[in-house]
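Here are the chains, one letter per residue:
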Amino acid sequence: AALLMAGKKGIVMGVANNRSIAWGIVQHLHAHGAEIAFTYQGEALKKRVGPLAGEVGSDFLIECDVTDMDSVDRVFETVKERWGKIDFVVHAIAYSDKDELKGRYIDTTRENFQRTMDISVFSFTAVCQRAAPMMNPGGSLLTLSYYGAEKVVPHYNVMGVAKAALEASVRYLAEDIGKDGLRVNAMSAGPMKTLAASGIGDFRYILKWNELNSPLRRNVTLDDVGGAGLYLLSPLAGGVTGEVHYVDCGYNNVGMKAVDAPDI
Ligand code: NAD
């Protein structure tokens, strides 16, 4: 079979461990011949990300905390020095204080609102600003969203507001850099048991609800998000930009609890 990413190089931001959505995408990119640079948030995570990078033949690791613009600058300078041009970027980064990922949205503090928006929304725009000038035509950028951007999901709160802004920013970014032959999309993934998700209140209930009520009657896997990530980053999706692509076992289409779902 033809390799979709042969000769292509890119940056993956947001691998924390082998459950990370970004890691699912990396495995599919690697299987299709991509060369990958990894960013990691702080020394503690380097110990986890380093061996995972090794598994896909990469020793290219760069520290990056997206609240520090100097560190974001350094990522792109370092990659430019080693590779010159790149073909793809994966942004799988979000944060909100877990004390506000439970209870009511109305109780959000200004401080956490701003921090959530900065890390989960602005950082993707900051990444696009720096990546676009060093991308080959046909290049593709991808971020991660969730259904809580559109509909109220218990406990998702300020993160839902941030994902709505992220999805809107994807549309503006797609217009801005489309003329250069670059694409920008979001994948709206169904709930998955990751480190970030562990901060969300009653997350096990949300997982179970989606499993019982999605048309496929299961939750998404790393393989599901990995395959869709590969598609959006590869020439297969050459005509796709500004999209929010659901990878959620169909859950977003459902208007009512399934008749065969037990009470949970
Ligand atoms: P994860 O914990 O594996 O990944 C989150 C990543 O964000 C980590 O690598 C962490 O280091 C990084 N991060 C947080 N703050 C940062 C900062 N200041 N600077 C740099 N990096 C920072 O969890 P995940 O679920 O794989 O999350 C990846 C993306 O997928 C997030 O945008 C998340 O909102 C989104 N998403 C997750 C789910 C889910 O149910 N898990 C569903 C839909 C979308």
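Residues numbered from 1 in each chain as written. Predicted model: local features only at pLDDT ≥ 70, side-chain atom pairs only at ≥ 80, totals over all residues. Heavy atoms only, no water.

For the rest of this paragraph, the subject is the site of the ligand. The full set close to the ligand counts 29 residues, and S20, I21, Q41, M192 and T194 are the nearest of them. The separation between an oxygen atom of the ligand and a polar side-chain atom of S20 is 2.6 Å. In the complex, the protein chains occlude 93% of the 820 Å² of accessible area that the ligand would expose alone. (Near = heavy atom within 4 Å. Polar contact = N/O pair within 3.5 Å; in protein donor to acceptor, adjacent residues only side chain to side chain. Areas by Shrake-Rupley, 256 points an atom, 1.4 Å probe, with all protein chains shown as cover.)

Another point: the pattern of salt bridges. On inspection of all chains with the given rule, the structure shows eight salt bridges. Two residues, D107 and R104, come together in a salt bridge whose shortest N-O distance is 3.2 Å. Of the charged contacts in the structure, one is a salt bridge between K208 and E211, with a shortest N-O distance of 3.5 Å. Of the two residues, K208 and E211 are both situated in helix α6 (residues 203-213); the distance of three residues between them amounts to about one turn of the helix. A relative accessible area of 35% places K208 in the partly exposed class. Assessed through its relative accessible area of 28%, E211 is described here as partly exposed. (Salt bridge = Lys/Arg side-chain N within 4 Å of Asp/Glu carboxyl O. Helix = DSSP H or I, 4+ residues; strand = E, 2+ residues; numbered from the N terminus. Buried < 20%, exposed > 50% of the residue type's maximum accessible area, 1.4 Å probe, protein only.)

With that settled, the discussion passes to the packing of aromatic side chains. Following the criterion strictly, the structure yields four aromatic pairs and no others. Judged by centre distance (4.8 Å) and plane angle (65°), the rings of Y146 and Y156 are edge-to-face. Highlighted residues: Y146 in the loop between β5 (135-145) and α5 (157-178) and Y156 in the loop between β5 and α5, separated in sequence by 10 residues. For the pair Y146 and Y156, one class covers both residues: buried. On the basis of an interplanar angle of 25° and a centroid distance of 6.3 Å, the ring pair of Y205 and W209 is categorised as stacked. Of this pair, Y205 and W209 both sit in helix α6, four residues apart, which is roughly one turn of that helix. Relative accessible area serves as the criterion here: at 40%, Y205 is assigned to the partly exposed category. Against the face of F60 rests R82, its NZ or CZ located 4.1 Å from the ring centre. (Phe/Tyr/Trp six-rings, centres within 6.5 Å; stacked < 30°, edge-to-face > 60°. Lys NZ or Arg CZ within 6 Å of the ring centre and 35° of its normal.)

An order of β3-β2-β1-β4-β5-β6-β7 is seen for the seven strands of this open sheet, with the pairing classed as parallel. Where the open sheet ends on each side, the last strands, each with one partner, are β3 (61-63) and β7 (244-247). Each strand axis lies, on average, 20° off the axis of its neighbour in the sheet, ignoring direction. The pairing of strand β4 (residues 86-91) with β5 spans five bridges and is classified as parallel. Across the sheet, the residue bridging to H91 is T143, located in β5. Strand contacts of helix α2 (residues 43-55): β2 (35-40) and β3, with the helix running at about 165° to β2, the strand carrying the most contacts. (Pairing = 2+ DSSP bridges. Axes fitted to C-alpha atoms, helices over the stretch in contact; angles between N-to-C directions. Contact = heavy atoms within 4.5 Å.)

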